[in-house]
Number of protein chains: 2
Amino acid sequence: MSPGDFAAFLARAAAVVGREHVSADTAELDRLSTATFATRGRVFGRVSPGSPAEVCDLMRAANVPLYPVSGGKNWGLGSRVPPRDAVLLDLGRLNRIVDFDEDLATVTLEPGVTFRQLHAFLCERGSRLFAATTGGSPDGSVIANALERGDGSGPNGDRALHLTALEVVLPTGEVVHTGFDRFQGASTATLHRYGVGPALDGLFTQSNLGVVTRATVWLAPLPRFLGAVRFAVARDSELGPVLDAIRRLRLDGTLRSAVGVWNDYRVLSVTERRPAGAPLSRQAVAERVGHRWFGLASIYAGSRKLGEAAVDHVEAELRPLVTSLDTAVECGDPRAGHELFPTDDPALAFLQGVPHEASLRSLYYRKREDPPRQMDPDRDGVGALWVSGALPLRGEVIVRATTEVERVMLAHGFDPLVVLLCHAERTLQLLPMIVFDREHADADARALACHDALIATLAADGHLPQRLALPAMGGLPPPRDDFSAVLARLKQALDPLGVLAPGRYDFPPPR
Amino acid sequence: MSPGDFAAFLARAAAVVGREHVSADTAELDRLSTATFATRGRVFGRVSPGSPAEVCDLMRAANVPLYPVSGGKNWGLGSRVPPRDAVLLDLGRLNRIVDFDEDLATVTLEPGVTFRQLHAFLCERGSRLFAATTGGSPDGSVIANALERGDGSGPNGDRALHLTALEVVLPTGEVVHTGFDRFQGASTATLHRYGVGPALDGLFTQSNLGVVTRATVWLAPLPRFLGAVRFAVARDSELGPVLDAIRRLRLDGTLRSAVGVWNDYRVLSVTERRPAGAPLSRQAVAERVGHRWFGLASIYAGSRKLGEAAVDHVEAELRPLVTSLDTAVECGDPRAGHELFPTDDPALAFLQGVPHEASLRSLYYRKREDPPRQMDPDRDGVGALWVSGALPLRGEVIVRATTEVERVMLAHGFDPLVVLLCHAERTLQLLPMIVFDREHADADARALACHDALIATLAADGHLPQRLALPAMGGLPPPRDDFSAVLARLKQALDPLGVLAPGRYDFPPPR
């Protein structure tokens, strides 16, 4: 691709979307090419379509790589920066809430709709439903986060699992709808998980095979009873049995939402800021924070009696294993669009689908200045690079892996911020967060080295990443089967010119 | 395809699997070509590979259509008969239970493993886990039923949703593994729903794109508490509000398993046999059975207190709406591999993963003779043809549709056996069952006409079928988008010669 090719495409794109929705402004493109760590791909233009039909026209006109972004808030993983040089296909103008059903608990959105916008919509409508909400930015895209298989709060926390009726524009300009939505007037278009025949939804999650221009999100009722169980353990050796107990509580259906467990460094990063110097010693952190690991489990129930029984069951299982445990419960009739618990505790509001920026503040942990009112980590020189390891939900295995992860991070000179997210019945997401100040010399290079070392350390025990930061896109081990060749043929069938997001979750076979 | 082509392939197949595992015996092929209704496709041979490697070799050697069957018990939908002339690829010899994990609640199987075999395995092991079990034959394939998106008992009742790590032989002879199972030694190979990158699993459900030779089934713990709530309503007008209440109880997480609701005719078919004559009148059925609709909801809980609270909540919601309601509960420590409830009630055993043949007996409702000890509906001239409609879980809509369905069945001279399966939070499966005696003149033709009329009646209100009997494979309305062309390209990419199960869930574009 030459700059001339990009310029020629931008001219064609302007004819589709209007000149005012195309940018080749150098300052803007510099900004769009900046993430929270060092990246290679360069943004050669921005095109902002105003309708799915314009997306089709752009795809048909494209002979240069296009990289779709919605909210552009994929912080820690690459923000809106493409893996390779590309024009940004900015879907932010597709921000309509298209349909809503209070009884069947669905909302149909375009990809530009943010968590904040959806929450405000539900409040305005007086809805008694809530959306699984990301711990990331409130201004992230609801659909894009689900397609990335992000996690959220509440019983619909496996966000990709509660997304249906995808409207997908293929790189050929063709359009397909998943599930029953491909049939005109289907009564279960947005309601049925599968439709009939092969289910294509999975092809468009963590992929570069199509642009999703609309989808339906399944909502959950605000519970009549909400319980929060906070627990802490003082020593690593206590953590394993707690995680095993959580597995049993997830498998028996008592816990139906993610349980987050943070280490002491991660907890400290919320309340402190440490602009300079080496990581705190383990002892110094222990003195400041008190315990080693801090967990929060949430219980959603349709009646007070049910909720109290569930809290009791969780407490009975965990109490003998932990150093401290507290429960908070609230029961009643959630007023229209409002939560049961007051919102001054962001963690409790989050459990009820209220997005917040509390987690975002801790990205500034190593910055010299306090976070600004309008936080923008890309602009503010925040360093943030995540690893997202998938582990069996087995205490012993997880404790061994976290010990290794913390060792590697300290050895690379980073505070070992670690979150364990018990996001499912059988697996756990291990999230080492590399947080740094990009304005420090060598910090970028050291962060990348630490990222790669973490991936390698986890992979040595068979723990692979379940979501990839840009530097990890090319770094997975080769498969033991014909997956690479088959995926390449599927890509060829759907994107014969290879214009959509090359380098994104496409795992080309080694040459 | 000429008979010579088939013969030539069978000779090549014998070199792969051994002569004793290939059949061209006319009597056997006649038997294999017989379902529970009139079919067109003819079986031109049977090949029974003994390993996934042999499946690869057979796929590479194939230049004639191959139709994979596992248990071959797809009664009511087509048994093991192919939509078009083909050689049966009989996977029954692949019947190993490959791996089992009591803690993480998984079992890895080959497609020949039956529900009966898996249940026996778990009992022998003293496992405290159970598998979601089909209401169909105990000798059906666990994996094939899940790939068909069959429903089962318990919290893992959406069987396709609890299936992972598919090992798939493509028609090219290539092999892919889904999820993390494509990586050698991945610690979450059989545990993680998605893996990393595009998820291919959905491509191999209700499809003709690959042969699954191994998969992992997620099991559920036998509950510490099991509750059964039986209810009945006397009038159609009462049914709608009950279904709406079930929707709320599913959405709020109180009910985590399918709720079956049977009409009076369906209930009668379990206990009576009516070998001749027109359908019973509504009044005659009412006099015999007492109520119009009969439901069974099941509650699985990790503690007695939780289970009792859930039963109370269900009872509080349903009691004001129904004519009668009874609860049965059992609590304790399920002994290794045994259920909480005694097994003499097959419905309660079924809730705990014990397969049974009680439903099978009612296929003989219109036969002259009592069911034989070894029931084989294909052999016994049983007529059975199912429609599986997907409807929104909205009482009013469902009552309207069932009224129409019963009218159409009676008009075609069939007893309107109807099952409503509340299988999910937002949709319901409406199952009209056409049961007849194939030995009656014209019965086959009348059944097909009734099937087509039911599909058309439901489709007129936007209710499409979610699982297809052979006669429905070519009968869906055309999509409103480019789905047909895209699916055809995916098929071309995975099966360039078109040898795998042509006519099965492939929806060719109209010529």
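Definitions and limits used
- Residues numbered from 1 in each chain as written.
- Chains lettered and ligands numbered in written order.
- Predicted model: local features only at pLDDT ≥ 70, side-chain atom pairs only at ≥ 80, totals over all residues.
- Heavy atoms only, no water.
- Pairing = 2+ DSSP bridges.
- Helix = DSSP H or I, 4+ residues; strand = E, 2+ residues; numbered from the N terminus.
- Contact = heavy atoms within 4.5 Å.
- Axes fitted to C-alpha atoms, helices over the stretch in contact; angles between N-to-C directions.
- Phe/Tyr/Trp six-rings, centres within 6.5 Å; stacked < 30°, edge-to-face > 60°.
- Buried < 20%, exposed > 50% of the residue type's maximum accessible area, 1.4 Å probe, protein only.
- Lys NZ or Arg CZ within 6 Å of the ring centre and 35° of its normal.
- Least-squares fit on C-alpha atoms with pLDDT ≥ 70 in both.
- Core = buried A, V, L, I, M, F, W, Y, C linked by side-chain atoms within 4.5 Å.
- Buried area = accessible area lost by both parts, 1.4 Å probe.
- Salt bridge = Lys/Arg side-chain N within 4 Å of Asp/Glu carboxyl O.
- Domains from an automatic or database assignment.
- Polar contact = N/O pair within 3.5 Å; in protein donor to acceptor, adjacent residues only side chain to side chain.
- Lys, Arg positive; Asp, Glu negative; His and termini not counted.

Undergrad: Provide a residue-level description of the sheet that holds strand E2 (residues 43-47) of chain B, including the pertinent values.
TA: All names here are of chain B. Overall, mixed pairing links the four strands, which are arranged E1-E2-E4-E3 in an open sheet. Every other strand in the sheet has two partners, leaving strand E1 (22-23) and strand E3 (66-69) as the edge strands with one partner each. When E3 meets strand E4 (residues 86-90), the two strands line up parallel, connected through four bridges. What sits directly across from Val 69, in E4, is Asp 90. Those strands touched by helix H1 (residues 3-17) are E1, E2, E3 and E4, and its axis lies near 5° from that of E2. Along the sheet, helix H3 (residues 52-61) contacts E2, E3 and E4; its crossing angle with E4, the most-contacted strand, is approximately 170°.

Undergrad: Go over the packing of aromatic side chains, please, and point to the residues and values.
TA: In this structure the tally under the stated criterion is twelve aromatic pairs over all chains. Judged by centre distance (5.9 Å) and plane angle (65°), the ring pair of Phe 414 of chain A and Phe 436 of chain A falls under edge-to-face. Placement of the pair is Phe 414 of chain A in the loop between helix H12 (395-411) and strand E18 (417-422) and Phe 436 of chain A in strand E19 (residues 427-437), with a sequence separation of 22 residues. Taking relative accessible area as the criterion, Phe 436 of chain A reaches 4% and is therefore assigned buried. Here Tyr 505 of chain B and Phe 507 of chain B contribute two aromatic rings whose centre-to-centre distance is 6.5 Å and whose plane-to-plane angle is 70°, an arrangement assigned as edge-to-face. Grouping residues by exposure puts Tyr 505 of chain B and Phe 507 of chain B together as buried. Sitting above the plane of the Phe 507 of chain B ring, Arg 182 of chain A keeps its charged end 5.0 Å from the centroid. Directly above the ring of Trp 262 of chain B sits Arg 266 of chain B, whose terminal nitrogen or CZ lies 4.0 Å from the centroid.

Undergrad: I'd like a description of the relation of the copies chain A and chain B, backed by residues and values.
TA: Superposition record for chain A on chain B: RMSD 0.0 Å, screw rotation 180°, translation along axis 0.0 Å. In short, the pair behaves as if placed about a two-fold rotation axis. Mapped onto chain B, 100% of the interface residues of chain A again fall at the interface, so both copies present the same surface.

Undergrad: So what about the environment of Gly 353 of chain A? Which residues, and what values?
TA: Residues and elements named next belong to chain A. Inspection of the secondary structure assignment puts Gly 353 in the loop between helix H10 (346-351) and helix H11 (358-361). We classify Gly 353 as buried; its relative accessible area is 5%. Considered as a pair, Gly 353 and Phe 115 are 238 residues apart in the sequence and their alpha carbons are 8.8 Å apart. Beyond its immediate chain neighbours, meaning those up to four positions away, Gly 353 contacts His 119, Phe 130, Ala 131, Thr 133 and Ser 153.

Undergrad: Explain the nonpolar core residue by residue, including any values.
TA: By size, the foremost hydrophobic cluster in this structure holds 245 residues, and its most contacted members are Phe 204, Leu 243 and Leu 420 of chain A together with Phe 204, Leu 243 and Leu 420 of chain B. Counting residues in each nonpolar core, the second largest holds 33 residues, with Leu 10, Ala 13, Val 43 and Leu 500 of chain B among its members.

Undergrad: Report on the interface of chain A and chain B, specifying residues and quantitative values.
TA: The interface of chain A with chain B comprises 92 residues on the first partner and 92 residues on the second. Each partner contributes to the roughly 7700 Å² buried at the junction of chain A and chain B, and carbon and sulfur atoms together form 61% of this total. Of all residues in chain A, Arg 182, Arg 426 and Arg 480 of chain A give up the largest surface area on contact with chain B, accounting jointly for 10% of the area buried on that side. Counting across the interface, chain A meets chain B through twelve salt bridges.

Undergrad: So what about the domain arrangement of chain A? Which residues, and what values?
TA: Residues and elements named next belong to chain A. When cut into domains, chain A gives domain 1 (3-90), domain 2 (97-221) and domain 3 (225-472). With centres defined by C-alpha atoms, the gap from domain 1 to domain 2 works out at 23 Å. Interface of domain 1 and domain 2: buried area, both sides summed, is about 1000 Å²; carbon and sulfur atoms make up 72% of it. When the buried area of domain 1 at its contact with domain 2 is split by residue, Pro 52, Met 59 and Ser 70 rank highest and sum to 42% of it. Between the two partners, domain 1 and domain 2, sit one residue pair in polar contact (both at pLDDT 80 or more).

Undergrad: Break down the side chain of Asp 90 of chain A for me, citing the residues and quoting the values.
TA: All names here are of chain A. Residue placement: Asp 90 occurs in strand E4 (residues 86-90). Despite its burial, Asp 90 remains without a salt bridge, the nearest opposite charge being carried by Arg 46 at 4.1 Å. In this structure Asp 90 touches Arg 46, Val 47, Ser 48, Pro 49, Val 69 and Ser 70, once residues within four positions along its chain are discounted.

Undergrad: Quick one: what's the story with the pairing of strand E14 (residues 293-301) of chain B, residue by residue and with numbers?
TA: All names here are of chain B. Among the nine residues in E14, eight count as buried, and that is most of the element. Taken together, the nine bridges between strand E12 (residues 225-233) and E14 define a ladder with antiparallel strand orientation. Within E14, the position partnered with Phe 225 by the bridge is Ala 301. By the bridge criterion, four bridges tie strand E13 (residues 259-263) to E14 in an arrangement that is antiparallel. The residue bridging Trp 262 from the neighbouring strand is Phe 294, located in E14.

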